[in-house]
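Structural characterization, general
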Amino acid sequence: MRNYKRELEEQLKEIDTLIRLNNKNLSKLKKLPDDGVKASTVRGCDQYYLVDKKSGKRIYAGKEKRKLIQGVIQRDYALAVDKKLADLRKRLERFIAKYDISEVSALYENLPVARKHIVNPIIEPEDIYIEKWLLAYPGNQNSYPEEGLYQTNNGEMVRSKSEKIIADALEKYNVPYQYEPMLELGYNTIYPDFVTLNIRTRKTIYWEHLGIVADIEYATKNFKKIQGYEKNGYLLGRDLIITMESAEAPIDVKLVEKKIKEFLL
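Quick caveat: nothing in here was measured; it's all calculated off a predicted structure.

A few words on the sheet that holds strand S3 (residues 58-60). In space, the 3 strands of this open sheet follow the order S1-S2-S3, with antiparallel pairing throughout. Of all strands in the sheet, those bounded by a partner on one side alone are strand S1 (35-42) and S3. Direction aside, the axes of adjacent strands within the sheet are offset by 30 degrees on average. Note: S1 against strand S2 (residues 45-52), 8 bridges, orientation antiparallel. Across the sheet, residue alanine 39 finds its bridge partner in S2, namely tyrosine 48.

This is the structure in structure tokens:
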């Protein structure tokens, strides 16, 4: 089961960003008078009155006071936003402190061995899931006769130095992967460079590296290949990762790692 704690923590950061932005907006409006605004729409026309909060006295605000009215209404809105964001932040922070779906998995993991042999866990343990996934997506299925020239840290032979860089980066971040699995795309059988597993979300994602994009024929062929992925439900950025290079612009290792962190961790 997917653990949403990271997403919740990201939401908390987004709330903090909004709080800082709203505080900045409030600081620009702090010199406004402590008046309220009564707003109404009569016969399709908006009407505004400045209201003294102590006496309740209302003064009609014509066009000459429009800037003041705008400021007061914006300030009142910003104050309401500040209150709401603070409340949401407090509630979310409390929830995150108590939320951890991995506690369900831990109930099985912490069982004595004899009980584990009896229990059928509601969430499959991570190591068993990875083992089954690797069997479900066998690698080295490409029957093309060219042999790999570069050995990865995991010991398999790949066809290019860039593929070794990708494989070694996946291994560095403990991302399960297989090299050149078989994939049926409609009536076509293809062999993606890699199939990978996001352990946290248990999502399978394919990875294609385009090594000579400056070559028109190669680029056209792979453009059609990416179209084939998407026509068959494998959307770029969701189910498919792409890296590219040319003689003038070699593979960017930092970008490879950034994609791993974004999609696979």
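Past the structure itself, the notes keep going.
On to the sheet that holds strand S11 (residues 240-244). Taken in spatial order, the 4 strands line up as S6-S9-S10-S11 in an open sheet, and their pairing is mixed. Here the strands that pair on one side only, and so sit at the sheet edges, are strand S6 (177-179) and S11. Pairwise comparison of adjacent strand axes, ignoring direction, gives a mean angle of 20 degrees for this sheet. In terms of strand pairing, S6 meets strand S9 (residues 194-198) through 3 bridges, oriented antiparallel. Looking across to S9, one finds that tyrosine 179 is bridged to phenylalanine 194. The sheet strands contacting helix H6 (residues 161-172) are S6, S9, strand S10 (203-210) and S11, and the helix crosses S9 at an angle near 15 degrees. Packed on one face of the sheet, helix H7 (residues 216-231) meets S10 and S11 and runs near 170 degrees to S10.

Next up on the list: the side chain of glutamate 156. You can see glutamate 156 is positioned in the loop between strand S4 (150-151) and strand S5 (157-158). Engagement of the side chain of glutamate 156 in a polar contact is seen with the side chain of threonine 152, the distance being 2.4 Å. Within the local environment of glutamate 156, its side chain forms a polar contact with the side chain of tyrosine 177, the two groups lying 2.4 Å apart. Each residue touching glutamate 156, except ones within four places of it in the same chain, is listed here: Tyr150, Gln151, Ala167 and Tyr177.

A few words now on helix H8 (residues 253-263). Along H8, the residues classified as buried are Val256, Glu257 and Ile260. All buried residues of H8 fall inside an arc of 95 degrees around its axis, so they share one side. For H8, the exposed residues set more than 90 degrees away from the buried face come down to Lys254, Lys258 and Glu262. Elements in contact with the buried residues of H8: H6, S10 and S11. Looking at where H8 begins, the residue whose side-chain oxygen comes 3.0 Å from the main-chain nitrogen of lysine 254 is aspartate 252.

Here is what the cut-offs are and how they apply
- Residues numbered from 1 in each chain as written.
- Predicted model: local features only at pLDDT ≥ 70, side-chain atom pairs only at ≥ 80, totals over all residues.
- Heavy atoms only, no water.
- Pairing = 2+ DSSP bridges.
- Helix = DSSP H or I, 4+ residues; strand = E, 2+ residues; numbered from the N terminus.
- Axes fitted to C-alpha atoms, helices over the stretch in contact; angles between N-to-C directions.
- Contact = heavy atoms within 4.5 Å.
- Polar contact = N/O pair within 3.5 Å; in protein donor to acceptor, adjacent residues only side chain to side chain.
- Buried < 20%, exposed > 50% of the residue type's maximum accessible area, 1.4 Å probe, protein only.
- Arc of directions from axis to C-beta.

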